[in-house]
Each structure stands twice: as structure tokens, then as C-alpha cells.
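Listed here are the chains, written in short residue letters.
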Amino acid sequence: MSIVPLIRSARATVSGLPPGFWWLWLSTLVNRTGAFVLTFLSLFLTQELGFSGWYAGLVVALHGLGGIAGSPLGGMLSDRWGRRPTMVTGHLAAAACAAALAVVTSPWAVAAVVLVMGVAMQSVRPAIGATIADQVPEHDRRRAYALNYWALNLGFAIAATGGGAALVFGYRALFVAEAVAVVLCALIVFMRLPETRPEAAVGTDGESTAEPRLTTLDVLRDGPFRTLVLLSLLVCTVFSTPWVGLPLTMTSQGLEPDAYGMVIAVNGVVIVGFQLLVNRITDKRSPVALLVVSSLLFAAGTGATALAGSPVAFAATVVVWTIGEMVYIPVNAAATARLAPVHARGRYQGVMGMAWGVGGFVAPVLAGWIATGPGPAALWIGCAVVALIAAVGYGTLLRRALGSDERERGAVAGGAGGAGGAGPVAAVGADGSVEAVGPAGADRPAGAVGPEAAGRVDAAVVKVPAQKTAADAVAPAAVVPAAGAATASAAAGAGDGGAAAGRAGAV
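## Quick word on a nonpolar patch on the surface
- Taken together, Leu 65, Leu 115, Phe 361, Val 362, Leu 366 and Trp 369 make up a surface patch of nonpolar side chains, about 510 Å² in accessible area.
- The greatest single-element share of the nonpolar patch, amounting to four residues, is contributed by helix α15 (residues 345-372).
- Position of Leu 65 relative to the elements: it lies in helix α4 (residues 53-80).
- On the basis of relative accessibility, which here comes to 36%, the residue Leu 65 falls in the partly exposed class.

This is how it looks when you write it as C-alpha cells:
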């Protein structure tokens, strides 16, 4: 087989994106290449500091809990303060926490630092997600999200492999190395990425118009987006379960802990090796169809785990749900950007990240209880059922919202009015134009116009020169555990599973 078609396919996958996107891509790679804290935290707490597995699991779960608060906070700050300052501040705060873990030993201090680190790390992701929507045209966003997700997983794979080899220097040296990497990431963002927050909306008369201030509850009043968030919560819960349930299931069948390390490593290998190919195949497909297919892959992969009995069989199930993950993450991120009004992109990304955080926090608790109570078979059958429910939900509830061509043509942002609001206002779109839109539909927050309301809005488009450009892409924070991590206790492994859920969030 000639390599020329492969080269052409790879070139098509990475071509056409703004130069600034690649600076953000590089910052993501640098950041995740130093992701040693989440990869080795449970081992550090149990082997280095001598804490119990229960405490290690609790502390890692606190990282996920911090992410639940950090996502909406980061979304709000990125819309009000700006994308770049939110990213730089969050990165520097995370770097400070990583460095602090190298010196603190008190159980209360460790727990507090990890909680704050969760807030800081997750506060960055809505700003990243909003920035890609600011700059990259809608038809390229899914590809950009997938490329950034690939960089994230490539960085984690390097961290897991290199970190395992570098343990000769000790856990604390690795945590300092992460702090240095995150500071370098912040410098790349500060020096190379311009601010991309859209300019203030202007009315059709050319006067500036204040955008409505949206709270998290306002965002959740957006009917289609609320549906997307709830279905994402189901998928995230299923996605997070193998990181806890799989080691418990394998050890219950008498397999060695090292077997789990090799099996779960398949996840990272498949993503790094095939994410670009999967994105190439799915690039022009319907988002609703892809969300349905990916949910079905999660159902098939997790459901089949109940039948597996050998490392090879378990690895095969991981391959199935990993393909679902590779399809789902960029499509879900692009769908979030598509449903968000221009002036509230950060808040929408923040709410979606919060949903992923909740799923990642709940899944370890439920998985541990079901696996050790009703049994592993009940756990995996339950996951399959939940994923099937999500697939049905995507196919029936979001077909109109994500399948309409109206949003493709630019009816994406709005002004301050409700049903009886003032005349149309305009907001700067992703391509630099200003789009004038009418009042919001009754089932969306003020300032949002969705496809279900497009027929009721007489939208005019007024073009003005673009003011700013920038680049960004988002993906969920991914944890690809090193094989050695499987030697931690079951409780510590459960904590790692909770942290792993941030990998899709944000995103």
C-alpha cells in the first residue's frame, strides 16, 4: 500500500487552521507532557506518604470535585475577563499547586492543595473551548477539537511513559517538573495567543449594546443545550466507570494488577495512533448520528466487559469504547460551541465541563459500590443500558437542534431581549463578521437564538471588519494511567477513575 494517500490524508487533517491554533496545540502538548500529578498521585499518597488507599481515593476525588466548581467559574471569567487572562491565571495557579505538593505532607494540606488544583485546572478548559469557537469556522471546529484532544492524549502518553522511567528521581521531582511544564504552557499562551473574546455587540444603528449577563441557571434554561448537558452526563458516567470498575472486575477474576495496567494502556495507544484517522472518517458526518454511534459504542464496549474473562478480551472491550470516546469528545465539544450564543461561549463550555465533572465524581462511587455489591456483571449491564438511553436521547431529542441548517448560516448570537425585547442587535461571529439577530426564543436564555426559534426570528446580517483573531481548541483533560499505577489499592484506583473523567470534560 502506497504511503502517499496516508500523507495526503494527514495533510488534509491538519491543514487550513489558523496559525494561532497551533500555538495553543503546542501549549496543550507541553502542559500534558508534564501531567505527573494525576498520573502518580494515588501512588505518591500510599507509597511515599503512607496514607491509606481510602484516603488516596478521597483526595483524588477532591480533584474532580474542584473541577465541578472550576468549570463554571472559568466559563464566567472567560466571558467577562477574557480568554487569555483566564487561561494564564489558571495555568499559573495549577503550577503553584503542583509545586506545593512536592513539599506539603499534612493530610489536610494535601487535600486542600489537590482541591484547589482541580479548580485551577478545570477553570482553563472553558476558555480554551470558547477560544476555538471564537476563531475557527464552524465547519472546522470539530477537527480542531479532535486535534487538540489528540495532543492532550499524546502528552499524557509521554507523561505516563516518561514519568514511570523518571521515578528514580522521586515523586516530588516529578511534581516540580509538572509545575515547570505548566508555567511554560502559560508563557506560550501569554506570549503567542491574542485575546479572542468577541467585541461588544452593536445594534443595527452602529451603537454598542450591552450583552445580557447569564448565570449558570440562565444557561440551563436553554432547552436544547440542557438536553445536551443531561445526555452528556449519562455518557460521562459510563465513560468514567471503566477506570474504576475494570480493575475491580479483573482482580475479582484472579488476574494480576499488572494485567489491568496493560489493558487500560490500550486506551491511550489507540487514541494516539488513530484519533486523526477517526476524525478524517467522521469529519463531514451528521453530529447527531455521530453522537448516537459513539453512545452505542460505549454501550457495546462496556456491556461486553461483563462477558470478558482474559486480558485479551478485556483489551478488546477497551478498544470498542475507546473508538466511541474518539468520536464523541470532539463532536460533543463542537455541539456545545454550536448551541452557545457568541457572547456566552465560555459559560456554555463551563456548564458542559461541570456536567462532565459531576459524572466523573459520581461514577467512582457507584462503580465501587455496584462492583463489590450486586457484582461486576450488574455494573457493566447497567452501563450498557445507560449508554443506550443516551443514544436514544441524542437521536430523538437533539435531531432538530443540531441538524438544522439555520445555525450553519449564522443565526447563533443574540441581544438582550426576551420575547418582547428590543430590535435586533449584532455580535461578532467566529469569522469576524457581525451578525444581527432578533430576540431570543421562549425556550432559550436571552441572547440565544437556536434553530427551533429561527423561524420566528427575522435576522439580518451586517458585515463589519474583523477586530481580533486567535486560536484555541479544547478537549477533556485525559488521564492515561501508567501501567505501574495498577499496583495501587482498589480504593486508590477508584480515585484515579474519578480524576480520569476530567479528560472528556471540557472538553
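## Points about the nonpolar core
- Membership of the largest hydrophobic core comes to 61 residues, with the highest contact counts inside it found for Phe 225, Leu 228, Leu 246 and Tyr 394.
- Those elements giving two or more residues to this core turn out to be α10 (223-240), α11 (242-252), α12 (257-282), α13 (287-305), α14 (311-339), α15, α16 (376-397) and α17 (399-403).
- Broken down by element, this core gets its largest block of residues, 10 residues, from α14.
- Each residue touching Leu 228, except ones within four places of it in the same chain, is listed here: Leu 291, Asn 332, Ala 335, Thr 336, Leu 339, Met 352, Tyr 394 and Leu 398.
- Within the second largest apolar cluster, 38 residues are counted, among which are Leu 43, Val 59, Ala 166 and Val 182.

## Examining the side chain of Arg 32
- With respect to the element layout, Arg 32 can be found in helix α2 (residues 19-33).
- At 3.0 Å, the side chain of Arg 32 and the side chain of Asn 31 are in polar contact.
- Those residues in contact with Arg 32 that sit more than four places away from it in its chain are Met 121, Arg 125, Leu 152, Gly 155, Phe 156 and Ala 159.

## Some words on α2
- If you check α2, its first and last C-alpha atoms are 21 Å apart, about what 15 residues at 1.5 Å a residue would give, namely 21 Å.
- Turning to α2, its buried residues are Gly 20, Phe 21, Leu 24, Trp 25, Ser 27, Thr 28, Leu 29, Val 30, Asn 31 and Arg 32.
- As for α2, its buried residues are in contact with α5 (83-100), α6 (107-135), α7 (138-166) and α8 (171-192).

## Examining the confidence of the model for the protein chain
- In this model, the protein chain carries an average pLDDT of 77, and 75% of its residues clear a pLDDT of 70 or more.
- Across residues 405-502, where pLDDT falls below 50, the model places 288 contacts with residues more than four positions away in sequence or in other chains.

## Here we look at the pattern of salt bridges
- Considering all chains together, one arrives at nine salt bridges under this definition.
- Asp 134 is the salt-bridge partner of Arg 345, the closest N and O atoms lying 3.0 Å from each other. Here the residue Arg 345 occupies a position in helix α15, and Asp 134 occupies one in helix α6, the gap between them amounting to 211 residues.
- Asp 140 is the salt-bridge partner of Arg 143, the closest N and O atoms lying 3.0 Å from each other. Taken as a pair, Arg 143 and Asp 140 lie in helix α7 at a separation of three residues, close to a single helical turn. The pair formed by Arg 143 and Asp 140 is uniform in burial state, with each residue classed as buried.
- Taken together, the shared-partner salt bridges in this structure form one network comprising Asp 79, Arg 83, Asp 134, Arg 345 and Arg 347.

## A closer look at the environment of Val 278
- Following the sequence through the fold, Val 278 ends up in helix α12.
- The class of Val 278 is buried, set by a relative accessible area of 12%.
- A C-alpha to C-alpha distance of 8.0 Å links Val 278 and Ile 323, two positions 45 residues apart in sequence.
- Other than its neighbours up to four places away in sequence, Val 278 contacts Met 326 and Val 327.

## Describing α16
- Taking 1.5 Å per residue as the helical rise, α16 with its 22 residues ought to reach 32 Å, and the 31 Å between its terminal C-alpha atoms agrees with that figure.
- Listed as buried for α16 are Leu 379, Trp 380, Cys 383, Ala 384, Ala 387, Ala 390, Ala 391, Gly 393, Tyr 394 and Gly 395.
- In this structure, the buried residues of α16 make contact with α10, α11, α13, α14, α15 and α17.

## Some words on the packing of aromatic side chains
- This model, assessed by the stated rule, comprises 15 aromatic pairs.
- Joined through ring pairs, the aromatic side chains of Phe 239, Trp 243, Phe 298, Trp 321, Tyr 328, Trp 356 and Tyr 394 make up one cluster.

## Points about the environment of Val 386
- Within the fold, Val 386 resides in helix α16.
- Along the chain, Val 386 and Thr 237 lie 149 residues apart, while their C-alpha atoms are 8.7 Å from each other.
- Beyond its immediate chain neighbours, meaning those up to four positions away, Val 386 contacts Leu 234 and Val 238.

## Details of the packing of α12 against α14
- Viewed as axis vectors pointing N to C, α12 and α14 meet at an angle of 40°, and their least axial separation amounts to 8 Å. Every pair of crossing elements has a handedness; the one defined by α12 and α14 is right-handed. Where α12 abuts α14, its residues Ala 259, Val 263, Ile 264, Val 266, Asn 267, Val 270, Ile 271, Phe 274, Gln 275, Val 278 and Thr 282 lie against Pro 311, Phe 314, Ala 315, Val 318, Val 319, Trp 321, Thr 322, Glu 325, Met 326, Val 327 and Pro 330.
- Within the contact of α12 with α14, the residues separate by chemical class into 17 nonpolar, four polar and one charged.

## Looking at the packing of α6 against α15
- Packing of α6 against α15 leaves a shortest axis separation of 8 Å and a crossing angle of 135°. By the angle between their directions, the pair α6 and α15 is classed as oblique. In the packing of α6 onto α15, the handedness of the crossing is right-handed. For the pair formed by α6 and α15, the contact residues are Pro 126, Gly 129, Ala 130, Ala 133 and Asp 134 on the first element and Arg 345, Gly 346, Gln 349 and Gly 350 on the second.
- Split by residue class, the contact of α6 with α15 holds three nonpolar, four polar and two charged.

How each quantity is defined
Residues numbered from 1 in each chain as written. Predicted model: local features only at pLDDT ≥ 70, side-chain atom pairs only at ≥ 80, totals over all residues. Heavy atoms only, no water. Patch = residues over 30% accessible without salt bridge, like charges linked within 9 Å, V, L, I, M, F, W, Y side chains within 5 Å. Areas by Shrake-Rupley, 256 points an atom, 1.4 Å probe, with all protein chains shown as cover. Salt bridge = Lys/Arg side-chain N within 4 Å of Asp/Glu carboxyl O. Helix = DSSP H or I, 4+ residues; strand = E, 2+ residues; numbered from the N terminus. Buried < 20%, exposed > 50% of the residue type's maximum accessible area, 1.4 Å probe, protein only. Core = buried A, V, L, I, M, F, W, Y, C linked by side-chain atoms within 4.5 Å. Contact = heavy atoms within 4.5 Å. Polar contact = N/O pair within 3.5 Å; in protein donor to acceptor, adjacent residues only side chain to side chain. Expected span 1.5 Å × (residues − 1). pLDDT = per-residue confidence, 0-100. Phe/Tyr/Trp six-rings, centres within 6.5 Å; stacked < 30°, edge-to-face > 60°. Axes fitted to C-alpha atoms, helices over the stretch in contact; angles between N-to-C directions. Left-handed = near helix turned anticlockwise from the far one by under 90°. Nonpolar A, V, L, I, M, F, W, Y, C, P; charged D, E, K, R; others polar. Parallel < 35°, antiparallel > 145°, perpendicular 65-115°, else oblique.

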